[in-house]
Amino acid sequence: MIEELKNGTNVVLTKRLAVTPEADRRRTLEYKIFTYEGLVARADTEIEWARRGLDLIDSLDEAS
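Every value quoted in this text rests on a predicted model; they were computed, and no experiment measured them.

**Topic: the side chain of N10**
For N10, the position within the fold is in the loop between α1 (2-7) and α2 (11-18). Relative accessible area serves as the criterion here: at 9%, N10 is assigned to the buried category. In this structure the side chain of N10 is engaged in a polar contact, spanning 3.2 Å, whose partner is the side chain of E4. Of the polar contacts made by the side chain of N10, one reaches the backbone nitrogen of L13; its length is 2.8 Å. What N10 contacts, discounting residues up to four positions off in sequence, is M1, E4 and L5.

Structure, rendered in structure tokens:
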């Protein structure tokens, strides 16, 4: 998704930018990219947290 936004191939954003005033287009695009980067960072953090939880369960099972 981020790559689609950066290279201008995201259909939804292209339609939105078509009706956005010229002065606000770059702002809209950059904010949308920033938002998706935040979603990816959040997902990465959640995945790492889940892996740590699985490791904890494994270590507790081994200790039993």
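**Some thoughts on helix α3 (residues 22-63)**
Its 42 residues give α3 an end-to-end C-alpha distance of 63 Å, which sits within 8% of 62 Å, the value for a rise of 1.5 Å per residue. Of all the positions in α3, only T28, L29 and I33 are classed as buried. Among the structural elements, α1 and α2 are those in contact with the buried residues of α3.

**Things to note about the packing of α2 against α3**
Interaxial distance between α2 and α3 falls to 10 Å at its minimum, and their mutual angle equals 155°. The angle between α2 and α3 places the two elements in the roughly antiparallel class. Pair α2 / α3 crosses with right-handed handedness. Every residue of α3 that contacts α2 at L13, R16, L17 and A18 is listed here: R25, T28, L29 and K32.

**A word on the packing of aromatic side chains**
The final tally for this structure, using the stated rule, is one aromatic pair. Plain terms: the ring middles of Y31 and F34 are 6.3 Å apart, the flat faces sit at 40° to each other, and that makes the pair tilted. Here Y31 pairs with F34, and both are found in helix α3, just three residues apart, close to one helical turn. Summarising the burial analysis for this pair, Y31 and F34 share the class exposed.

**What about a negative patch on the surface?**
Judged by side-chain charge, E48, D55, D58, D61 and E62 come together as a negatively charged surface patch. Inspection of the secondary structure assignment puts D55 in helix α3.

Rules used in this analysis
Residues numbered from 1 in each chain as written. Predicted model: local features only at pLDDT ≥ 70, side-chain atom pairs only at ≥ 80, totals over all residues. Heavy atoms only, no water. Helix = DSSP H or I, 4+ residues; strand = E, 2+ residues; numbered from the N terminus. Buried < 20%, exposed > 50% of the residue type's maximum accessible area, 1.4 Å probe, protein only. Polar contact = N/O pair within 3.5 Å; in protein donor to acceptor, adjacent residues only side chain to side chain. Contact = heavy atoms within 4.5 Å. Expected span 1.5 Å × (residues − 1). Axes fitted to C-alpha atoms, helices over the stretch in contact; angles between N-to-C directions. Parallel < 35°, antiparallel > 145°, perpendicular 65-115°, else oblique. Left-handed = near helix turned anticlockwise from the far one by under 90°. Phe/Tyr/Trp six-rings, centres within 6.5 Å; stacked < 30°, edge-to-face > 60°. Patch = residues over 30% accessible without salt bridge, like charges linked within 9 Å, V, L, I, M, F, W, Y side chains within 5 Å. Areas by Shrake-Rupley, 256 points an atom, 1.4 Å probe, with all protein chains shown as cover. Salt bridge = Lys/Arg side-chain N within 4 Å of Asp/Glu carboxyl O. Lys, Arg positive; Asp, Glu negative; His and termini not counted. Charge placed at Lys NZ, Arg CZ, Asp CG, Glu CD.

As far as function goes, none of this settles anything; it's purely spatial.
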